[in-house]
Amino acid sequence: MPAAASATYVPSLPVVMSLAHREIIRFFRQRTRVFGALGQPIIFWLLFSEGFKSQTLDYAFFFPGTLAMIVLFSAIFATISIIEDRNEGFLQGVLVAPVTRWAMVLGKVFGGSLIAWLQAMLFLLLGWVTIESVAPTAIEAAQAALLLMVMSIALTALGFVLAWRNDSTQGYHAMMSMLLFPMWLLAIFPVEPGSVVGWLVRLNPLAYGVVGLRHALESNAPANLVFVGPTVAWSVSLGFAVVTLAAAVSVSATRTKGDFR
């Protein structure tokens, strides 16, 4: 690229911050989204805090999986804005602007992941305050919060990849039902040695994030729920985030039919 052309490019960090800020502002201006974001953790809190008092329910099984579910669906719903931005023409304007594609991707992903992380942190705080068996130390709570951010980034980037290839929210919801909901179910299943489901759980990167949360929040979790150590759980979760971010940057370089509208 000639020096004159490269000099016209906008610095990447302001682009990332501006797009992330736009996602957050857009979220808070949509009252129904705010209501749902606040209501969902509170509903789960009310239901599961009562359920955890029963001896028939296992905290180690439900609570980390519920955190993963909140992160997953919050992150994925946040990336629906990509389809909306394309249909409204905003995305096309960003694509032709003198900004790098990776800056655009990071701005969208970090904005959406922050929204998902805040919802998960609200539920974690509610569980810490109200559920007796949720009693992590400050260090363990910080580890859980950091891992939730890693999971939020990974899942939001995955949602970006899926949303980029869809021209309609209907198609996006179909992809969610076919791929993402089974991913969450396999993340909370216990691992039975030699079973097909056990192998599928081990192949599911989200399951390692759930295992990492169990290590941080539950010291006596059964072995079939923590099938790897915390180092492996963190390594796979970080690798998942790097791979999905790289995939998001790569897919953003491709064109879709919606780009020509």
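(A) Looking closely at the overall build of the protein. Each helix and strand in the protein was counted, giving twelve helices and zero strands. Along the protein, helices (α) and strands (β) appear in the sequence α-α-α-α-α-α-α-α-α-α-α-α when read from the amino end. Split into buried and exposed, the 261 residues of the protein put 49% on the buried side. Put simply, 79% of the contacts in the protein that link residues at least 6 apart link residues at least 24 apart. For the protein, the computed accessible surface area is about 12,600 Å², with 70% contributed by carbon and sulfur atoms.

(B) Layout of the packing of aromatic side chains. Evaluation of the coordinates by the stated rule reveals five aromatic pairs. On the basis of an interplanar angle of 25° and a centroid distance of 5.0 Å, the ring pair of phenylalanine 63 and phenylalanine 123 is categorised as stacked. Of this pair, phenylalanine 63 sits in helix H4 (residues 59–78) while phenylalanine 123 is found in helix H7 (residues 101–130), placing the two residues 60 residues apart along the sequence. An identical accessibility class is assigned to phenylalanine 63 and phenylalanine 123; each is buried. For the pair phenylalanine 160 and tryptophan 164, a centre-to-centre distance of 5.4 Å together with 20° between the ring planes defines the contact as stacked. Of this pair, phenylalanine 160 and tryptophan 164 both sit in helix H8 (residues 138–164), four residues apart, roughly one helical turn. For phenylalanine 160, a relative accessible area of 1% corresponds to the buried category.

(C) Broad picture of helix H9 (residues 169–188). Between its first and last C-alpha atoms H9 spans 27 Å; for 20 residues at 1.5 Å apiece the expected length is 28 Å, and the two agree. A bend of about 35° at serine 177 is the largest found in H9. Every buried residue belonging to H9 is among Tyr172, Met176, Leu180, Met183, Trp184, Leu186, Ala187 and Ile188, and all of these are buried.

(D) Structural detail: the pattern of salt bridges. Per the stated rule, a full pass over the model turns up two salt bridges. The residue glutamate 23 makes a salt bridge to arginine 22 at a minimum N-O spacing of 3.7 Å. One salt bridge connects glutamate 23 with lysine 108, and the closest N-O pair in it is separated by 2.6 Å. With glutamate 23 in helix H2 (residues 12–29) and lysine 108 in helix H7, this residue pair connects regions lying 85 residues apart in the sequence. As far as the burial class goes, glutamate 23 and lysine 108 line up, both buried.

(E) Structural detail: the nonpolar core. Counting residues in each nonpolar core, the largest one holds 73 residues, and the members touching the most others are Met104 and Phe160. Here this core takes 15 residues from H8, the largest share from any one element.

(F) Expanded view of the environment of valine 71. Among the secondary structure elements, valine 71 is positioned in helix H4. Residue valine 71 is classed as buried on the basis of its relative accessible area, which comes to 0%. Remark: the alpha-carbon pair of valine 71 and leucine 114, spanning 43 residues in sequence, is separated by 9.9 Å.

(G) Region of interest: the packing of helix H5 (residues 80–88) against H8. One can describe the packing of H5 onto H8 by two numbers: an axis separation of 8 Å at closest approach and a directional angle of 35°. Every pair of crossing elements has a handedness; the one defined by H5 and H8 is right-handed. Within the contact between the two elements, H5 uses Ile82, Ile83 and Arg86 and H8 uses Phe160, Ala163 and Trp164. Split by residue class, the contact of H5 with H8 holds five nonpolar, no polar and one charged.

(H) Focus on the environment of threonine 169. As for its position among the elements, threonine 169 is in helix H9. Using a relative accessible area of 27% as the deciding quantity, one classes threonine 169 as partly exposed. Sequence spacing of threonine 169 and isoleucine 80 is 89 residues, and the spatial spacing of their C-alpha atoms is 6.9 Å.

(I) A look at the confidence of the model for the protein. Of the residues in the protein, 84% have a pLDDT of 70 or more, and the chain-wide mean is 80. Mean pLDDT across the elements of the protein ranges from a minimum in helix H1 (residues 3–7), with 41, to a maximum in helix H12 (residues 230–251), with 94. Note that pLDDT drops below 50 for residues 1–7; the model gives that stretch two contacts with residues more than four away or on any other chain.

(J) Geometry of H12. Between its first and last C-alpha atoms H12 spans 31 Å; for 22 residues at 1.5 Å apiece the expected length is 32 Å, and the two agree. The complete set of buried residues in H12 reads Ala233, Ser237, Phe240, Ala241, Thr244, Leu245, Ala248 and Val251. Taken end-on, H12 shows its buried residues confined to a sector of 135°, consistent with a single buried face. Among the exposed residues of H12, those pointing more than 90 degrees away from its buried face are Thr231, Val242 and Val243. The inward-facing, buried residues of H12 contact H7, H8 and helix H11 (205–217).

Cut-offs applied
Residues numbered from 1 in each chain as written. Predicted model: local features only at pLDDT ≥ 70, side-chain atom pairs only at ≥ 80, totals over all residues. Heavy atoms only, no water. Helix = DSSP H or I, 4+ residues; strand = E, 2+ residues; numbered from the N terminus. Buried < 20%, exposed > 50% of the residue type's maximum accessible area, 1.4 Å probe, protein only. Contact = heavy atoms within 4.5 Å. Areas by Shrake-Rupley, 256 points an atom, 1.4 Å probe, with all protein chains shown as cover. Phe/Tyr/Trp six-rings, centres within 6.5 Å; stacked < 30°, edge-to-face > 60°. Expected span 1.5 Å × (residues − 1). Bend = angle between axes of the 7 residues up to and from the residue. Salt bridge = Lys/Arg side-chain N within 4 Å of Asp/Glu carboxyl O. Core = buried A, V, L, I, M, F, W, Y, C linked by side-chain atoms within 4.5 Å. Axes fitted to C-alpha atoms, helices over the stretch in contact; angles between N-to-C directions. Left-handed = near helix turned anticlockwise from the far one by under 90°. Nonpolar A, V, L, I, M, F, W, Y, C, P; charged D, E, K, R; others polar. pLDDT = per-residue confidence, 0-100. Arc of directions from axis to C-beta.

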